[in-house]
Amino acid sequence: MRERAMKYKLLALDMDGTVLNRQHAISAENRRWISRAIESGISVMFATGREVQSVEPYVKELGLTSPMVSVNGSEIWQAPGVLMKRHILLPGWVAEMRELAMRKGCWFWAYTVDEVYTRENWPAGQADLEQRQWLKFGFRCEDPAVLAGIRQSLKDTGRYELTNSSPVNIEVNPLGINKASGIIEICSLLGIGLQEVAACGDSLNDLQMIRSVGLGIAMGNAQEIVKQAAKAVTGTNEEDGVAQAIRNYLL
């Protein structure tokens, strides 16, 4: 196993449901093994659906200086605070998705480069909406049939990359933009190949990443399709699954 482990130069970690537990914290065991991975020469980075503002405290906690993929690939960071590339949704698309969510009675949210918007604080007018750079739109609905209908409507436009971070939501990025596309950019930056990357995740927004890297690892709490696509399955996010993955497959 040690010879196989030596080829992995980059470890990409999803956050919610993966490196974070139910309290949205990084356990002491996960911290310890992440530190050991870094000390061994492996670059450890976040590849998350979160906006960068909510990632920064965890970057500081772990002392990371590595690149990062945020908002499911809509932003790629060369290093903390150093933007490499950004992909945006057109304001007109965002307006249409909001209208669809309102019509279907779903909760919704959207990320711009500097704020999270929901029904409660949505921009007041079209001009206000058009002034912002939109990175991701999300729908949440407990009714599977309604959610499936929304997904089909979005798919029919041919504009969007559709994933989720939970079985009850849909996350929308520009077509072709996902965590895997972000990691490809990071690999080019670092001068390494995808086969030299290991990644851990649990949801559909991790699926392309899990499939494309050298070692895709599904969490024990991952959605079934993610487990089926992975080369390995580790413990859950409540069982320090990331620490287990580093110990068993990388070091």
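Above this text you will find the structure in question.
As the structure is a prediction and not an experimental result, all values here were calculated from the model.

Calculation criteria
Residues numbered from 1 in each chain as written. Predicted model: local features only at pLDDT ≥ 70, side-chain atom pairs only at ≥ 80, totals over all residues. Heavy atoms only, no water. Core = buried A, V, L, I, M, F, W, Y, C linked by side-chain atoms within 4.5 Å. Buried < 20%, exposed > 50% of the residue type's maximum accessible area, 1.4 Å probe, protein only. Helix = DSSP H or I, 4+ residues; strand = E, 2+ residues; numbered from the N terminus. Contact = heavy atoms within 4.5 Å. Pairing = 2+ DSSP bridges. Axes fitted to C-alpha atoms, helices over the stretch in contact; angles between N-to-C directions. Left-handed = near helix turned anticlockwise from the far one by under 90°. Nonpolar A, V, L, I, M, F, W, Y, C, P; charged D, E, K, R; others polar.

Caption draft 1: Up close: the nonpolar core. By size, the foremost hydrophobic cluster in this structure holds 40 residues, and its most contacted members are Leu11, Leu13, Val19, Ile34, Phe46 and Leu250. With six residues, the top contributor of residues to this core is helix H10 (residues 241-250). Among the nonpolar cores identified, the runner-up in size contains 23 residues, and Val94, Ala110, Ile150 and Leu154 belong to it.

Caption draft 2: Seen up close, the environment of Ala12. When you line up the elements, Ala12 lands in strand S1 (residues 10-13). Along the primary structure Ala12 and Glu96 are separated by 84 residues, whereas in three dimensions their C-alpha atoms are 33 Å apart. Residues within four places of Ala12 in sequence aside, it is in contact with Met45, Ala47, Ile183, Ala198, Ala199, Cys200 and Met209.

Caption draft 3: Structural view of the pairing of strand S8 (residues 134-140). Judged by how many residues are buried, S8 sits mostly within the fold: six of seven residues are covered. Bridging between S8 and strand S10 (residues 169-174) involves four bridges; their strand directions are antiparallel. Considered in S10, the bridge of Gly138 is made with Glu171.

Caption draft 4: Layout of the sheet that holds strand S13 (residues 232-233). Strand order in the open sheet formed by five strands is S2-S1-S11-S12-S13, and the pairing between neighbours is parallel. In this open sheet, the two strands that pair with only one neighbour each are strand S2 (43-46) and S13. Here two bridges tie strand S12 (residues 215-218) to S13, and the two strands are oriented parallel to one another. Its bridge partner lying in S13, Ile217 is registered against Ala232.

Caption draft 5: How the structure looks around the packing of helix H2 (residues 28-39) against H10. The interhelical angle for the contact between H2 and H10, taken along N-to-C directions, is 30°, at an axis separation of 8 Å. Here the hand of the crossing between H2 and H10 comes out left-handed. Of the residues in H10, those touching H2 at Glu29, Asn30, Trp33, Ile34 and Ala37 are Gly241, Val242, Ala243, Ile246 and Arg247. Across the contact of H2 with H10, the residue classes tally to six nonpolar, two polar and two charged.

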